[in-house]
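# Observations on chain architecture
Spelled out, the chains give:
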Amino acid sequence: MSGELEGLLVILCLNTIYAYGVFLPAASGQLNLGAAGFITLGAYCSAFVNSELDGLGVSAWMSIPIAVLFTAAVSFLIAFPILRTRGVYMVLATFAFAEVVAGLIINLEFLGAAQGMPVDAHMPFYGLAIVTLLVALFCHYLMATRCGLAMRAIHDDESVATLFGANVRMIRVWAFATGGALMGLGGALYGHHFNYVEAQNFNILLSIYILLYVLLGGTQTAWGPVVGALFFTFVPELFRYLGRETGEKWLEDGRFVAFGLIIVIMMVIRPEGVVTRTLLERITGGRRRQPASPAAAE
Amino acid sequence: MDVLLQQVVNGLMLGGVYVMVAVAFTLVIGMLNFLNFTIPALFMVAAVMMWAAMAGGFGADIDAVLDDVLGAPNKWIAGVIIALVVVSLASLVIERFTYRYMKAKYGDATEHALPLVSSLGFLIAFEHLVIGRWGSDPLTIDSPFGNASFHLGAVQFSIPQVISLALSLAIVFGLSLMLRKTRLGRAVRSIAERPDTATLMGVDVGRIVPVVYVIAGLLCAIAGILFTINYTTVDAYIGDKVATVAIAGMVLGGLGNVWGAIVGGLFVGLLEVLSIHFFGASIVKVPIWGMLLLILVMRPTGLFGHTAIGKGKF
């Protein structure tokens, strides 16, 4: 496998994990524009635990779970105040959270401040791939359980979900905290693969991109984040490749412009994201169960 | 004491820029319940257009034409015109692809997500258009007005900054008067109240919304122009760095509240400059965004607002 391709696949794995972290709250109708904040927490926590020189010097087998637990705890705690807000307010609150985390980290001397922090243990590509696969399987399983059903119900109509006995508050907090833990895991893996973490890399643009993976891929099924991450990772590279092959420099230079416009057009064509439940049913060979009435079919 | 007073003045001057962007945000969010992330992009586009006109960024040919027509010291006039025209056109394009498609109702969360995603797509597209043409490094100009300033006691006032602050406050006051007194303003307020009813009462929603988009676009374009003139350094990410801070100001004043946005914008400018003064530049994000987080959690209607979002304000 060529180095370039491996590099791309590493990015794809990380993007997929991040995307699942944003997907879980999004599947229950909450938009999280603070992905960078959770990723920063996970990356710095595992870096601090693992680093021999500045930190505790614990092996990567421990540092990654510790980072995941730490991020899960933080997101669980902030879930309560943040989930009081909804809609636009929640987008703003998560965004503000990410900015506060970034602002705090670059001022903490023991975390290397603005220089960032080295991470000792290296996580090779295949390890990353295995974890990504596990995360994807976990999310697919989750969406197939009663809990996943309740999440989708809350997404579609909160009051109806309440009437049918779903504990809306608990499920929303749970989805938010689990999503936070997944992003912490992604951040920890990032640190262990590149062996260096730097708060400036986890900026607002990263949060924006991750939210876009999810919303473009579709929040209805667990396939959405994968499709979104694939699209976002490979389409710019495809433009770069085409530009290099054909010698048309504008293709390479303008790849993100084209990409931004593709996002806009995709939203016009498929406002619910690329992968929807209807699409999956069509691919897997028709509806297995007939809807009760034509109105129930989407 | 004088140093502190000077910082307060600087903060208010910076706040003048935030006020306009915050009002642009608040106008769209109050009327359509939509957090318009193209506003940072339009701010950046206007700022960069201004830079390009003054520093010859459009290429030697156009630069020569500008020199002939206006003369070297007056090229900022061309910058203002180009920035306003470009941003108005861009606003109309953005309106087509965000609001028009938002009208169709989908699920609860996606109802807001659709225009949000489109506007983020535009943000990426605009930023990379500028990066593709002029790179991502800081772009600087010499201020066309030099260091013109006057003193009041020991405090120095830069004349362009004072004019900018006065101009931005005057524009925002004019806007709020427009919202209250004119036919257009009444239509905007009725759409904010309830678009369906507004349509029944004879408001042509499809025509009013583009107008509001252009007004919001022009507000942040003027903010971008003033930013370039006063701070002389811009880059492709200036929208992310500067215009997003205005969001904090907007929330402080209450979403959809123009007067709140004025106070909030000035306050955020003051907070930013004073926290740099007391705690250093690297910490500046924490007070601003921490304050935003606190306000969202404790008092999401802002300090002055008391109505739910999207329900008739201005």
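Please refer to the structure placed before this passage.
Read on for a plain summary of the structure.

Here is what the cut-offs are and how they apply
Residues numbered from 1 in each chain as written. Chains lettered and ligands numbered in written order. Predicted model: local features only at pLDDT ≥ 70, side-chain atom pairs only at ≥ 80, totals over all residues. Heavy atoms only, no water. Helix = DSSP H or I, 4+ residues; strand = E, 2+ residues; numbered from the N terminus. Rg over C-alpha atoms; globule rule 2.2 N^0.38 Å. Contact = heavy atoms within 4.5 Å. Areas by Shrake-Rupley, 256 points an atom, 1.4 Å probe, with all protein chains shown as cover. Lys, Arg positive; Asp, Glu negative; His and termini not counted. Charge placed at Lys NZ, Arg CZ, Asp CG, Glu CD. Axes fitted to C-alpha atoms, helices over the stretch in contact; angles between N-to-C directions. Parallel < 35°, antiparallel > 145°, perpendicular 65-115°, else oblique. Salt bridge = Lys/Arg side-chain N within 4 Å of Asp/Glu carboxyl O. Polar contact = N/O pair within 3.5 Å; in protein donor to acceptor, adjacent residues only side chain to side chain. Buried area = accessible area lost by both parts, 1.4 Å probe. Nonpolar A, V, L, I, M, F, W, Y, C, P; charged D, E, K, R; others polar. Core = buried A, V, L, I, M, F, W, Y, C linked by side-chain atoms within 4.5 Å. Buried < 20%, exposed > 50% of the residue type's maximum accessible area, 1.4 Å probe, protein only. Pairing = 2+ DSSP bridges. Patch = residues over 30% accessible without salt bridge, like charges linked within 9 Å, V, L, I, M, F, W, Y side chains within 5 Å. Expected span 1.5 Å × (residues − 1). Phe/Tyr/Trp six-rings, centres within 6.5 Å; stacked < 30°, edge-to-face > 60°.

### Overview of the overall build of chain A
Each helix and strand in chain A was counted, giving 13 helices and 2 strands. Computed over the C-alpha atoms, the radius of gyration of chain A is 20 Å, within 12% of the 19 Å expected from 2.2 N^0.38 for a compact globule of 298 residues. In terms of overall dimensions, chain A has C-alpha extents of about 65 × 55 × 35 Å along its principal axes. The contacts of chain A with a sequence gap of at least 6 include a subset with a gap of at least 24, amounting to 77%. Approximately 13000 Å² of chain A is accessible, and the part contributed by carbon and sulfur atoms is 67%. The average position of the 16 basic charges and that of the 19 acidic charges among the side chains of chain A differ by 15 Å.

### What about the packing of helix H5 (residues 125–144) of chain A against helix H8 (residues 168–194) of chain A?
All names here are of chain A. Two numbers describe how H5 lies on H8: the axes approach to 11 Å, and their chain directions differ by 170°. One way to sum up the angle between H5 and H8 is to call them roughly antiparallel. Contact with H5, carried on its side by Phe 125, Leu 128, Val 131, Val 135, Phe 138, Cys 139 and Leu 142, involves Trp 174, Thr 178, Leu 182, Leu 185, Leu 189 and His 193 of H8 and no other residues of that element.

### Examining the pattern of salt bridges
Scanning the entire structure with this criterion turns up 3 salt bridges over all chains. Between B:Lys285 and A:Glu99 there is a salt bridge, with the nearest N and O atoms lying 3.3 Å from each other. Pair noted here: B:Lys285 is in helix H12 (residues 285–298) and A:Glu99 is in helix H4 (residues 88–105), and the two residues belong to different chains. Close ionic contact of A:Arg240 with A:Glu237 constitutes a salt bridge, the shortest N to O distance being 2.9 Å. Residue A:Arg240 and its partner A:Glu237 are both found in helix H10 (residues 224–246); the two are separated by 3 residues, about one turn of the helix.

### Things to note about the side chain of B:Asn257
Secondary-structure assignment places B:Asn257 in the loop between helix H10 (238–253) and helix H11 (258–279). There is a polar contact of 3.0 Å between the side chain of B:Asn257 and the backbone nitrogen of B:Gly260.

### Some details on the interface of chain A and chain B
Where interface size is quoted, it is often the accessible area lost as the parts come together. Contact residues are listed per partner, giving 39 residues for chain A and 44 residues for chain B. Between chain A and chain B the total buried area reaches about 4000 Å² when both faces are included, carbon and sulfur atoms providing 80% of it. For chain A, the biggest contributors to the area lost against chain B are A:Val88, A:Tyr89 and A:Leu92; these three give 16% of the whole. In this structure, the connection of chain A to chain B is made through 1 salt bridge. Counting across the chain A and chain B interface gives 2 residue pairs in polar contact (both at pLDDT 80 or more). Counting only elements with at least two residues in the side of chain A that touches chain B, the list comes to H4, helix H6 (146–156), helix H9 (204–217) and helix H12 (255–269) of chain A. If one sorts the elements of the side of chain A that touches chain B by residue count, H4(A) sits on top with 13 residues. Split into classes, the residues belonging to the side of chain A that touches chain B amount to 29 nonpolar, 6 polar and 4 charged.

### Points about the nonpolar core
A:Leu189, B:Val21, B:Leu35, B:Phe43, B:Met250 and B:Val251 are the most contacted members of the largest nonpolar core, which totals 201 residues. The element best represented in this core is helix H1 (residues 2–32) of chain B, accounting for 17 residues.

### Examining the pairing of strand S2 (residues 149–152) of chain B
Looking down a regular strand, the side chains alternate between one sheet face and the other. Residue and element names in this part refer to chain B. The pairing of S2 with strand S3 (residues 155–158) spans 4 bridges and is antiparallel. The residue of S3 that forms the bridge with Phe 150 is Phe 157. Count of turn residues in the S2/S3 antiparallel hairpin: 2 residues, of which Gly 153 carries a positive phi of about 65°.

### With respect to a nonpolar patch on the surface
The grouping of A:Tyr126, A:Ile130, A:Leu133, A:Leu134 and A:Leu137 at the surface amounts to a nonpolar patch, some 580 Å² of accessible area in total. Turning to its location among the elements, A:Tyr126 is positioned in helix H5.

### Structural notes on unusual backbone geometry
Here the phi dihedral of A:Asn195 falls at roughly 60°; this positive angle occurs in a residue that is not glycine. Relative to the helices and strands, A:Asn195 is located in the loop between H8 and strand S2 (196–197). One non-glycine residue with positive phi stands out, namely B:Thr232, at about 60°.

### Structural notes on the environment of B:Leu274
Residues and elements named next belong to chain B. Secondary-structure assignment places Leu 274 in helix H11. Looking at Leu 274, the relative accessible area reads 22%, which means it is partly exposed. Measuring from C-alpha to C-alpha, the distance between Leu 274 and Val 23 comes to 23 Å, with 251 residues separating the pair along the chain. If we ignore the near neighbours within four places in the chain, the residues touching Leu 274 are Leu 4, Gln 7 and Val 8.

### Quick notes on H4(A)
For H4(A), with 18 residues, the first-to-last C-alpha span of 26 Å sits near the 26 Å given by 1.5 Å per residue. The element H4(A) is largely enclosed, with a buried count of 17 among its 18 residues.

### What to know about helix H2 (residues 35–50) of chain A
Under the 1.5 Å per step criterion, the end-to-end length of H2(A) is 23 Å for 16 residues, consistent within 8% with the ideal 22 Å. Among the 16 residues of H2(A), 15 are classified as buried, and the element is accordingly described as predominantly covered.

### Some points on the packing of aromatic side chains
Residues and elements named next belong to chain A. This structure, assessed with the given rule, holds 22 aromatic pairs over all chains. Consider the rings of Tyr 190 and Phe 202, whose centres lie 5.1 Å apart with planes at 70°: the pair is edge-to-face. Placement of Tyr 190 in helix H8 and of Phe 202 in the loop between S2 and H9 is noted, with a sequence separation of 12 residues between them. Among the residues examined, Phe 202 registers a relative accessible area of 4% and is labelled buried. Their ring planes at 65° and their centres at 5.9 Å tell us that Phe 231 and Phe 232 sit as a pair that is edge-to-face. The rings of Tyr 209, Tyr 213, Phe 231, Phe 232, Phe 256 and Phe 259 are connected pair by pair, giving a single aromatic cluster.

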